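Commentary on secondary and tertiary structure
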Amino acid sequence: MAHANDRLFDHQLARETKLKKTRALVDKRMPLKDAIAQYVDDGDSLVETGFAYARGPMGAYWEIGRQKKKDLVGIFTPGGLNNLWHEFGGVEGAHVAYVGVEMRGLIAPFRRGVEAGTLKVFSEWSHGALALSLRAAEQGVNYVASKSMLGSDIMKDHPYVKLGEDPWTGEPVCLIPAMYPDVAIFHVHHADMYGNGRIWGLSVNDTAIVAAAHKVIVTCERIVDTLDIRANASNVIIPWYCVDAVCELPYGAWPGDMPGMYYFDRPLQERVVRVDWKTRESTKEWVETNVYGTKNLYEMIQLAAEEEGMNVLDYVKSLEQFACSAAYFGLGVWGTGGERDWKYEEVAKRAI
Amino acid sequence: MSDEVQYTPRELLAVIASRLIRNEDSVFVGTGLPLVGALLAHKTHAPQMMAIYEGGSIGPEPTALPWSVADPLTFYKAPIILSMSSVFGHTRCGYADVGFLGGAQVDMYGNMNATTIGPYDKPTVRLTGSGGANDMASLCQRIIFLGLHLAERFPERVDYITSPGFLDGPGAREKAGLIGGGPWRVISHLGLMGFDEETCRMKLLSYHPGVNPEIIQQFTGFELLIDKDVHETEKPTAEELHVLRDLVDPNQLFVF
């Protein structure tokens, strides 16, 4: 079979795939386990959504790890905590705009992999250029001419991006082709059973990615009635016809941030970045306990709570405290009050 | 000496960074200390400053220090949130005056490295990669770079140009087709640097209390030009430190 990189910029193939997708309103709900098994294939390119550690589909990524998918190709715009799979054969290489956790520092497994040559960096990008590559796909253009990356070493020997000349002015431009990743997984606040997904906060590149990607899985904090979506469509960023599977997954962005609902799990992120993933051996131990050793996301959260000596409900409430008291504003008419009570119940049901 | 103001090197960096921001500047804020400097400016002398974050938020009124450029605090009370390609698009349109960056290395022409230390194909350290840094350096009008001042972090030539400064000297940015104004200031824990208009080379504008131009030269991997008006950096005031410690970063996430 062709390598994922051979499909990545093939606009005809992307169109053929999408011509075959159903436009009908059909119930696409399924357990996360089945969605990952069915729609994430070994060797697929998998693009980051949200801002990796803010509204990233972390619950789905842990499940990808649990199912031991092989040789995925990462598209990191940016890439966050899911950069550890290559040490378990899960990721062959990546197209990199950014991998790290900002001021928390570098992600040790990524650094080790690239320095040792076991994780390939297929291409180097800036955030703006990679965003434009995905946007070009969504806008239906073959490529865009940008003023980013000019003169830098990123442009040197780049396998995809080319130096061009503006036909009107003659000035140098950076030509960026449209990118069509194999799979994208989005985590949203609300989705209906057909796949319409609504968020609050940053959409980042998601409206571009959803049109560009061949296969789309949506995980959501809560499944809502389709009328609820249709009555308030202004924050809908995922249209149903792009979507292959819908999974209800409260806390699906944990240990990342879910705007207005829960904040970064800072203690856990500090711990994994500074201690748990420092060496190959400690990373292996962490994954065996926390990912392979658990059945689902909720058992993982339970382990994290135990590590802090806390009851799992108090633990998730503490993550919500900050998001709700300080960081939400303009959340509108939904997502407050009863929403949170409902979530505690759902976590309790799943965790205990 | 009891009235002597005490401060740490990181606090000094944050204060100098904030002073470079003018009221009514629009500032594309990178992660780390730039977040602190921008928020300090917003809460002191630049209440009209407009912050832009690559997560998409523009003009928020954060109550506490964001942990990330996509932290919900970056869009607290923000009147608008754009997509990532749009914030860079607006920057290219001319809506970003200042780009505020950190990174591992900066060289004498202000080129910045956040990709690899050592040869690209066989790096001794693999860093994060560009993120939005290249776009900011390519598209913003003025670039401020913040970093630690060590000879290996201030080399004559960076190991990898992630974000373009003046490339290899006068005229190179124009020739490459870059539209932004390029590097404007470099803040380190030893001094404040600018760039010579003719040669595009880095020059020392002020040295921080406790050091002098000779010491700074020893920690610089190339010959640093010295501005004719070089002087000692003004110390942080008690008011600046109060706002920084008590309002901007009370939990000492960055400044300690």
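Please refer to the structure higher up on the page.
Residues numbered from 1 in each chain as written. Chains lettered and ligands numbered in written order. Predicted model: local features only at pLDDT ≥ 70, side-chain atom pairs only at ≥ 80, totals over all residues. Heavy atoms only, no water.

1. Details of the overall build of chain B
To be explicit about the condition: A run of H or I in DSSP becomes a helix once it reaches four residues, and a run of E becomes a strand once it reaches two; helices and strands are each numbered from the N terminus. Computation of the radius of gyration draws on C-alpha atoms alone. For the globule rule, the value is 2.2 Å times the number of residues to the power 0.38. Type-normalised accessible area, obtained with a 1.4 Å probe on protein chains alone, sets the label of each residue: buried when under 20%, exposed when over 50%, and partly exposed for intermediate values. The contact definition used throughout considers only heavy atoms, calling two residues in contact when any of these lie within 4.5 Å. Exposure was quantified through the Shrake-Rupley algorithm and a 1.4 Å probe, taking into account, for residues, occlusion by the shown protein chains and nothing else. When charges are counted, Lys and Arg are positive and Asp and Glu negative, with His and the chain ends excluded. Each charge is placed at NZ for Lys, CZ for Arg, CG for Asp and CD for Glu.
When helices and strands are counted, chain B shows seven helices and 14 strands. In terms of overall dimensions, chain B is globule-like: its C-alpha atoms have a radius of gyration of 18 Å, near the 18 Å expected for 256 residues. Oriented by its inertia axes, the alpha-carbon framework of chain B measures out at about 55 × 45 × 35 Å. Residues counted as buried form 62% of the 256 residues belonging to chain B. Sequence separation of at least 24 residues holds for 66% of the intrachain contacts in chain B that already meet a minimum separation of 6. For chain B, the accessible area works out to roughly 9,900 Å², and carbon and sulfur atoms hold 51% of it. One way to put it: in chain B the 19 positive side-chain charges average out to a point 4 Å from where the 30 negative ones average out.

2. Here we look at the packing of aromatic side chains
Residues and elements named next belong to chain A. Convention followed: Stacked, tilted and edge-to-face are the three classes applied to pairs of Phe, Tyr and Trp rings, where Trp contributes its six-membered ring and a pair requires centres within 6.5 Å; stacked means planes under 30 degrees apart, edge-to-face means over 60, and tilted covers the rest. Lysine and arginine charges are scored as sitting over a ring when NZ or CZ, respectively, is within 6 Å of the ring centre and within 35 degrees of the ring normal.
All told, the structure shown has 14 aromatic pairs over all chains when counted by the stated rule. When the centroid spacing of 5.2 Å and the interplanar angle of 80 degrees are considered together, the rings of W240 and Y241 count as edge-to-face. Judged by relative accessible area, which is 40%, Y241 ranks as partly exposed. Through a chain of ring-to-ring contacts, three or more aromatic side chains come together here, namely W62, W85, W277 and W286. The ring of Y292 is capped by K68, whose NZ or CZ atom sits 4.2 Å from the centre of that ring.

3. Examining the packing of helix α1 (residues 9-19) of chain B against helix α2 (residues 33-43) of chain B
All names here are of chain B. Selection criterion: Interaxial angles span 0 to 180 degrees and are taken between N-to-C directions of axes, which are lines fitted to C-alpha atoms, for helices over the stretch in contact. By definition in this entry, angles of less than 35 degrees are roughly parallel, angles greater than 145 are roughly antiparallel, angles of 65 to 115 are roughly perpendicular, and the rest are oblique. Note on convention: near helix rotated counterclockwise from far helix by under a right angle means a left-handed crossing. Clockwise means right-handed. Note that Gly is not counted as nonpolar here; it falls among the polar residues with everything else outside the nonpolar set of Ala, Val, Leu, Ile, Met, Phe, Trp, Tyr, Cys and Pro and the charged set of Asp, Glu, Lys and Arg.
Across the interface, α1 lies against α2 with an axial gap of 8 Å and an inter-helix angle of 55 degrees. Accordingly, the angle class assigned to the pair α1 and α2 is oblique. Like other packed secondary-structure pairs, α1 and α2 cross with a definite hand, here right-handed. Seen from α1, the contacting residues are R10, L13, A14, V15, A17 and S18; seen from α2, they are L33, V36, G37, L40 and A41. In the contact of α1 with α2, the residues fall into eight nonpolar, two polar and one charged.

4. A word on unusual backbone geometry
All names here are of chain A. With an omega dihedral of -10 degrees, the bond running from T77 to P78 counts as a cis peptide bond. On the secondary structure map, P78 appears in the loop between β2 (72-76) and β3 (91-96). With an omega of 5 degrees, the peptide bond between W254 and P255 qualifies as cis. You can see P255 is positioned in the loop between β12 (245-248) and α9 (266-276). In the Ramachandran plot, K68 falls in the positive-phi region, its phi being about 55 degrees despite a non-glycine side chain.

5. Here we look at the nonpolar core
Stated formally: Grouping buried Ala, Val, Leu, Ile, Met, Phe, Trp, Tyr and Cys residues that are joined through side-chain atoms within 4.5 Å yields what is termed a nonpolar core.
Formed by 142 residues in total, the largest nonpolar core has its most connected members in W62, I185 and W254 of chain A. Considering each element in turn, this core owes the most residues, seven residues, to α2 of chain B. Setting aside its immediate chain neighbours within four residues, W62 of chain A contacts L84, W85, W254, P255, W277, W286, V291, L297 and M300 of chain A. A184, V210 and A213 of chain A together with V158 of chain B belong to the second largest nonpolar core, which has 50 residues in total.

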